[in-house]
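Summary of the model geometry
The residues making up each chain are set out below.
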Amino acid sequence: MATQLVYTPVESIEGIRTELRAGFASGKLKSIAYRKYQLTQLIYMIKDNMTRFEESLNADLGRPVLECRMLEIIPSIGEVAEQLNGVDKWSKPTKPPFSLNFAAMRPLIRHEAKGTVLIISPFNYPVWLSIGPLAGAIAAGNTVCLKPSESTPATSSLMTELIAKYLDNDVVRVVNGAIPETTKLLELQWDHILYTGTGRVAKIVATAAAKHLTPITLELGGKSPVIIDPACDLKTATKRILWGKVVNAGQTCVAPDYVLVPKDFQDKFVGALKETYEEFYPDPDKRSSAPGAFSRLVTPQATARVAGLLERTQGTIVFGGEVDKENKYIAPTVVKDVGPGDSLMSEEIFGPLLPIVPVENVDEAIKFINERDHPLALYVFSQDEQFKSKVFNGTQSGAVVANETVIHPGADGLPFGGVGPSGYGMHTGKYSFDMFTHQRASMDSPGWVDYILKFRFPPYTTNKSDATLRLMRSLPTRPTGPPALSGTSKWWGKWFLLALAVAVAGGLTSRLKMGSLSLPSFK
Ligand code: NAD
C-alpha cells in the first residue's frame, strides 16, 4: 500500500521558520566542528538506512536497486563527504589579490552563512537533490527548511523521519505538502531559496522571492539534445544514450531528450539502438512485468502525459511503445523520423521515449539547437576533435559533454546548473557551499594609512585633487584598432615563426656538432 505523506499544517509553517531563525541566531553553526558533526550524522543517516531508502525509492518510482545506489545513495553520500572535506578550507577567510593601494587596509573576504534558507526539491532524484543541497547549506553554516516533493510520499516520509532523528532540529526542519504548503513557505522571507523543478513553477518561486528581494538559484530542465557524428563509436554511443534514457524511466533532468542524426545515417543508428535494447532487456517478458527491472513513471498523471505525447507522434515507432497506465509503465521507446513540430518535440519528455530527428548535417543540428531554449545538457557523440569543438563552440547549454550522458552532474569539482530557461546559479561541491555563502568584504585600516591618504579629506584643494591621480591604475597600451576577429593574430604568428626558426637552427647546429647530419647521397 502506498505510504501516506503527512502534510505540515499550513498554520505551523511560519513558526518553523521562526525556530530556524532562532537556531541561526544561537550561533551554534559558527562552530565548524558542529557543522561537521551534522554532516557526519547526515552520512550515517543514509548509510544506516540504505535498505529503507532503496525500498522507498522502489515504492515511489519502481527504482531498481542498481539505480538507487548508483544515482541516488552513493552520490548523496559523496556530496555530503565533499562538503565535510571542504568545509575547513572553504570557510576560512581569504585574501583578495594584492593591491598596492589597499594592502595596508588588510582587505579580507569572510565566507559567512546567509542565514535561514529554503530548499524546494523535485520528485525525480528525491534523495540526492534534497540531501546534496542540504549538506551544502549546513556546511556553509545556514539553518535549513527542506521541502521535498509530495509526489514521492515514501521517500519524503522517510527523509522527514530520519532528519528529525539524526540532525539538530534547530538547524534543519522538513516541511511537507503540495501547493498550499509551498505557497505559504514562499510568502515568508528567506535568506536564499534553492528551487529545483519545472520552469513553470520556477516563475512562481522567482516572483514570490522578488517580493522579499530573496536571492534564488533555479535548477530547471528542458530538452537536452544529442548530436550524432556518423564517425562515432556507434556501440558505445547507443549504450550510453539508451542508458541515459532508461534510467529512472527517463525522469532525469539531464536525460538525452532527443537525438539529431544525419538523414542518411538514421537507419544505421536506429538499428544499433535496437541491438543495444535487445542486449539491455533480453527477456521480452521482463520489459513489462518484473518489478525493479525498469523504473516506473512517478504518478498516473505523469504516465498519461507521456503516453499522450506518444499517441500523438507523427514519427515511426522503431521499438517499445507498450503502455500500461495502471502500473505507471511505459516501455523504452525509440521513434524515428520525428519532425520539429511533432508532439515529442513540444515539451521536455521526462519519460522513456527517444525521438530521432533527422537533419542534413552538423551545421543544421547546431542551428536547430540554437533556435530553441538553451538546454541543461548538450551531448555530442564523435571521435573527431573538430566535430566536437564545432558543437562545443557553436552552442550554449548548462553543460556540454562528448561521448557520455547523464553522469556529469555527479563529477567532483564540476558545477551543475543551467543557462537561460534551464535555470541560473550552480550547485554541487564547492558551488553549493558558495551558493549558500555570503562573501562578506572586510577591512581593518590602521591609522597610519592617512599619512598616505590624507589628501582625501576636506577642505579640497587643487593639490589634493592632483594627488588623487596617484591612485590611478597603470593603463594598458592604447589600441590602434580592433583586433582581427578570427585566426591567429599577426603578433603570435611572428613569435611562432621566430620560435620555429630558433628550433630548426638549434637542431641543425647540434646535429652538425655531433657529425650526424646525413646529406642526401646521389648514387
Ligand atoms: P515541480 O516543479 O512540479 O515540483 C518541484 C517542487 O515544486 C515540488 O516540491 C512541488 O511541491 C513544488 N511545487 C509544485 N507546484 C507548485 C506551485 N504551484 N507553487 C509552489 N510550489 C510548487 O517539478 P518536478 O515535476 O518535481 O520535477 C521535474 C522537473 O524538474 C523537470 O523539469 C526536471 O528537468 C527538473 N529538474 C531539474 C534539475 C536540475 O538540477 N536542473 C534536477 C531535477 C529535476
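All of these numbers come straight from a predicted model, not from anything done at the bench. (Residues numbered from 1 in each chain as written. Predicted model: local features only at pLDDT ≥ 70, side-chain atom pairs only at ≥ 80, totals over all residues. Heavy atoms only, no water.)

Moving on to the overall build of the protein chain. Secondary structure summary: the protein chain contains 17 helices and 17 strands in total. Here the protein chain holds 523 residues, and 47% of them are scored as buried. Summed over its atoms, the accessible surface of the protein chain is roughly 26,400 Å², and 59% of this surface lies on carbon and sulfur atoms. Across the protein chain, the 56 positively charged side chains and the 52 negatively charged ones have centroids separated by 11 Å. (Helix = DSSP H or I, 4+ residues; strand = E, 2+ residues; numbered from the N terminus. Buried < 20%, exposed > 50% of the residue type's maximum accessible area, 1.4 Å probe, protein only. Areas by Shrake-Rupley, 256 points an atom, 1.4 Å probe, with all protein chains shown as cover. Lys, Arg positive; Asp, Glu negative; His and termini not counted. Charge placed at Lys NZ, Arg CZ, Asp CG, Glu CD.)

Close contact between helix α3 (residues 50–61) and helix α6 (residues 153–166) brings their axes to 7 Å; oriented N to C, the two are set at 150°. As judged from the angle between their axes, α3 and α6 are roughly antiparallel. On α6, the residues touching Arg52, Phe53, Ser56, Leu57, Ala59 and Asp60 of α3 are Pro153, Ala154, Thr155, Leu158, Met159, Glu161 and Leu162. The residue makeup of the contact of α3 with α6, split by class, is eight nonpolar, two polar and three charged. (Axes fitted to C-alpha atoms, helices over the stretch in contact; angles between N-to-C directions. Parallel < 35°, antiparallel > 145°, perpendicular 65-115°, else oblique. Contact = heavy atoms within 4.5 Å. Nonpolar A, V, L, I, M, F, W, Y, C, P; charged D, E, K, R; others polar.)

For the rest of this paragraph, the subject is the confidence of the model for the protein chain. Looking at the protein chain as a whole, its pLDDT mean stands at 93, while 91% of the residues score no less than 70. Note on residues 512–523: pLDDT under 50 across the span, and four contacts to partners over four residues away in sequence or across chains. (pLDDT = per-residue confidence, 0-100.)

As a further point, take the site of the ligand. In the neighbourhood of the ligand, 26 residues make up the surrounding shell, with Lys147, Glu150, Tyr195, Leu220 and Glu348 lying closest. Between an oxygen atom of the ligand and a side-chain N or O atom of Glu150, the distance comes to 2.6 Å. One nitrogen or oxygen atom from the side chain of Glu348 is found 2.6 Å from an oxygen atom belonging to the ligand. Listing elements by their share of the shell around the ligand, those giving two or more residues are α7 (179–187), β5 (192–196) and α8 (199–211). Residue composition of the shell around the ligand, grouped by class: 14 nonpolar, eight polar and four charged. Built from parts of two domains, the shell around the ligand gets at least three residues from each of domain 1 (10–220 + 428–440) and domain 2 (224–417). (Near = heavy atom within 4 Å. Polar contact = N/O pair within 3.5 Å; in protein donor to acceptor, adjacent residues only side chain to side chain. Domains from an automatic or database assignment.)

The next point concerns the domain arrangement of the protein chain. What the domain assignment lists for the protein chain is domain 1 (10–220 + 428–440) and domain 2 (224–417). The interface is formed by 20 residues belonging to domain 1 together with 25 residues belonging to domain 2. Overall, the association of domain 1 and domain 2 removes approximately 1,800 Å² of surface from exposure, summing both partners, and the carbon and sulfur fraction of that is 56%. Counting the surface domain 1 buries against domain 2, the share from its top three residues, Leu61, Phe123 and Tyr431, is 22%. (Buried area = accessible area lost by both parts, 1.4 Å probe.)

A few words now on the side chain of Glu54. Its place among the elements puts Glu54 in helix α3. Of the residues examined, Glu54 reaches a relative accessible area of 9% and is grouped as buried. Discounting chain neighbours no more than four positions away, the residues touching Glu54 are Val65, Cys68, Arg69 and Ile73.

Okay, the state of the cysteines next. Taken as a whole and assessed by the stated rule, the structure comprises zero disulfides. Summary of cysteine pairing: Cys253 is not part of a disulfide, and the nearest cysteine sulfur, belonging to Cys68, is at 17 Å. According to the relative accessible area criterion, Cys253 is buried, its value standing at 15%. (Disulfide = S-S within 2.5 Å.)

Time to look at the pattern of salt bridges. Under the defined criterion, the tally for this structure stands at 28 salt bridges. One salt bridge in this structure joins Glu112 and Arg440, with 3.0 Å as the shortest N-O distance. One end of the pair, Glu112, is in strand β1 (residues 108–113); the other, Arg440, is in strand β17 (residues 437–442), with 328 residues separating them in the sequence. Given a relative accessible area of 16%, Glu112 falls into the buried group. Look at Arg440 and you get partly exposed, because its relative accessible area is 40%. Across the pair Lys147 and Glu150 runs a salt bridge, and its minimum N-O distance is 3.4 Å. Residue classification places Lys147 among the buried positions, given a relative accessible area of 3%. Here the residues in one salt-bridge network are Lys28, Asp168 and Asp170, joined through shared partners. (Salt bridge = Lys/Arg side-chain N within 4 Å of Asp/Glu carboxyl O.)

Now for the nonpolar core. Among the nonpolar cores identified, the biggest contains 71 residues, and Ile227, Ile228, Ile241, Leu260, Phe269 and Ile356 are the most heavily contacted of them. Ranked by residues supplied to this core, first place goes to helix α9 (residues 234–246) with six residues. When residues are assigned to domains, this core turns out to be shared by domain 1 (10–220 + 428–440) and domain 2 (224–417), each giving three or more. Residues contacting Ile227, with those up to four places away along its chain left out, are Leu260, Val362, Ala365, Ile366, Ile369, Tyr379, Val380, Phe381, Phe387 and Val391. By size, the runner-up hydrophobic cluster in this structure holds 39 residues, among which are Trp90, Leu162, Val172 and Leu194. (Core = buried A, V, L, I, M, F, W, Y, C linked by side-chain atoms within 4.5 Å.)

Let us look at the packing of aromatic side chains. Within the structure shown, the criterion is met by 10 aromatic pairs. Ring centres of Tyr34 and Tyr37 lie 6.0 Å apart, and the angle between their planes is 40°; this geometry places the pair in the tilted category. Remark: Tyr37 and Tyr34 occur in helix α2 (residues 32–48); sequence separation between them is three residues, near one turn of the helix. With a centroid separation of 6.0 Å and 80° between ring planes, the pair formed by Phe294 and Tyr329 is classed as edge-to-face. Note that Phe294 is positioned in the loop between α10 (266–280) and α11 (300–312) and Tyr329 in strand β11 (residues 329–330), a separation of 35 residues in sequence. Just as Phe294 is buried, Tyr329 falls in that class too. Above the ring of Phe368, the side-chain terminus of Arg372 is found at 3.6 Å from the ring centroid. (Phe/Tyr/Trp six-rings, centres within 6.5 Å; stacked < 30°, edge-to-face > 60°. Lys NZ or Arg CZ within 6 Å of the ring centre and 35° of its normal.)

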